[in-house]
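# Report on the structure
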Amino acid sequence: MSGHWLAVYVFGQFRTRADHPDVEIFHTSEPGVWAAMERSEGFIARSGYEDEPGPDSWGEQVYPRYWQDNGDGWAPSIISLWQDLETALAAIYRGPHAEILKKGPDFMQDHTDYPAYVLWWVPENHRPDWDEAVDRFELLGDEGPSPHAFTFKVAFDPAGNAVTANGNTARQIAERNRLTAEAPKSVQ
């Protein structure tokens with residue numbers, strides 16, 4: 001959407017500590033998943049984490065009130081920015097990220113009392129910090145979808161009008177992403 005970017009905040013909790021062998025699949029997959037996401041059509045940026053290599057952190061990382069420390073002081077969460085609903089949908093639910101989502105029940109807690117993610121629109125060039133992301137996440141958990149905090153299933157445009165993500169467009173974008181990922185570096 002011209003003048004706006006789609007912000008995505010994802011939060012989850014491991015079934016065990018992050019250093020447990022059951023979580024190894026997450027850790028070994030993460031670099032490749034992020035490399036694919038960052039090459040995806042419509043990807044704009046993502047927050048990194050303090051004291052870790054990669055992108056700068058968009059403020060001090062905080063967790064929603066749903067967080068339960070399992071002894072390691074950590075939970076998987078991310079903030080990213082996208083061009084629109086369809087490009088985010090294609091990257092999140094197709095390709096490498098979709099593959100790790102399928103394996104999630106092996107190492108992630110079920111999140112029945114809180115959402116898995118939240119979407120909201122931000123003005124172009126605005127990078128939401130962790131506090132803003134958690135506020136939107138908790139708003140969705142407290143009140144359900146609204147123009148200020150929504151999901152792919154119940155979405156809104158930047159003006160607050162209800163919209164539906166175009167699944168066919170998302171599938172076409174996902175196919176272009178796949179072809180780009182498989183192309184030799186000299187062609188990309």
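Anything mentioned here points back to the structure above.
The text that follows walks through the structure, step by step, so that each part is easy to find.

About the thresholds
Residues numbered from 1 in each chain as written. Predicted model: local features only at pLDDT ≥ 70, side-chain atom pairs only at ≥ 80, totals over all residues. Heavy atoms only, no water. Phe/Tyr/Trp six-rings, centres within 6.5 Å; stacked < 30°, edge-to-face > 60°. Helix = DSSP H or I, 4+ residues; strand = E, 2+ residues; numbered from the N terminus. Buried < 20%, exposed > 50% of the residue type's maximum accessible area, 1.4 Å probe, protein only. Expected span 1.5 Å × (residues − 1). Contact = heavy atoms within 4.5 Å. Polar contact = N/O pair within 3.5 Å; in protein donor to acceptor, adjacent residues only side chain to side chain. Pairing = 2+ DSSP bridges. Axes fitted to C-alpha atoms, helices over the stretch in contact; angles between N-to-C directions. Core = buried A, V, L, I, M, F, W, Y, C linked by side-chain atoms within 4.5 Å.

### Regarding the packing of aromatic side chains
The description of an aromatic ring pair rests on the distance of the ring centres and on the angle between the ring planes. The final tally for this structure, using the stated rule, is 17 aromatic pairs. Arranged with centres 5.0 Å apart and planes meeting at 25 degrees, the rings of Y66 and Y114 form a pair that is stacked. With a gap of 48 residues between them, Y66 in the loop between β2 (43-46) and β3 (77-82) and Y114 in the loop between α3 (95-103) and β4 (117-123) connect regions that are remote in the sequence. Taken as a pair, Y66 and Y114 share a single burial class, namely buried.

### Describing helix α4 (residues 130-143)
Since the α-helix advances by 3.6 residues per turn, residues separated by three or four positions end up pointing in the same direction. Look at α4: 20 Å from first C-alpha to last across 14 residues, which is about the 20 Å you get at 1.5 Å a residue. Listed in full, the buried residues belonging to α4 are W130, E132, A133, V134, F137, E138 and L140. As for α4, its buried residues are in contact with β1 (4-11), β3 and β4. Regarding α4, its N-cap is D129, as a side-chain oxygen of that residue lies 3.2 Å from the backbone nitrogen of D131 further along.

### So, the sheet that holds β2
An order of β2-β3-β1-β4 is seen for the 4 strands of this open sheet, with the pairing classed as antiparallel. Two strands close off the open sheet at either side, each with one partner strand: β2 and β4. Here the strands of the sheet are splayed against their neighbours by 25 degrees on average, with no regard to which way each runs. One ladder, built from 7 bridges, connects β1 with β4; its direction is antiparallel. The partner of Y9 across the bridge, within β4, is V118.

### Let's talk about the nonpolar core
Counting 54 residues, the largest nonpolar core has L6, Y9, W82, L85, L119, F150 and F152 as the members making the most contacts within it. Excluding residues that lie within four positions of it along the chain, F152 makes contacts with L85, A88, L89, I92, Y93, Y117 and L119.

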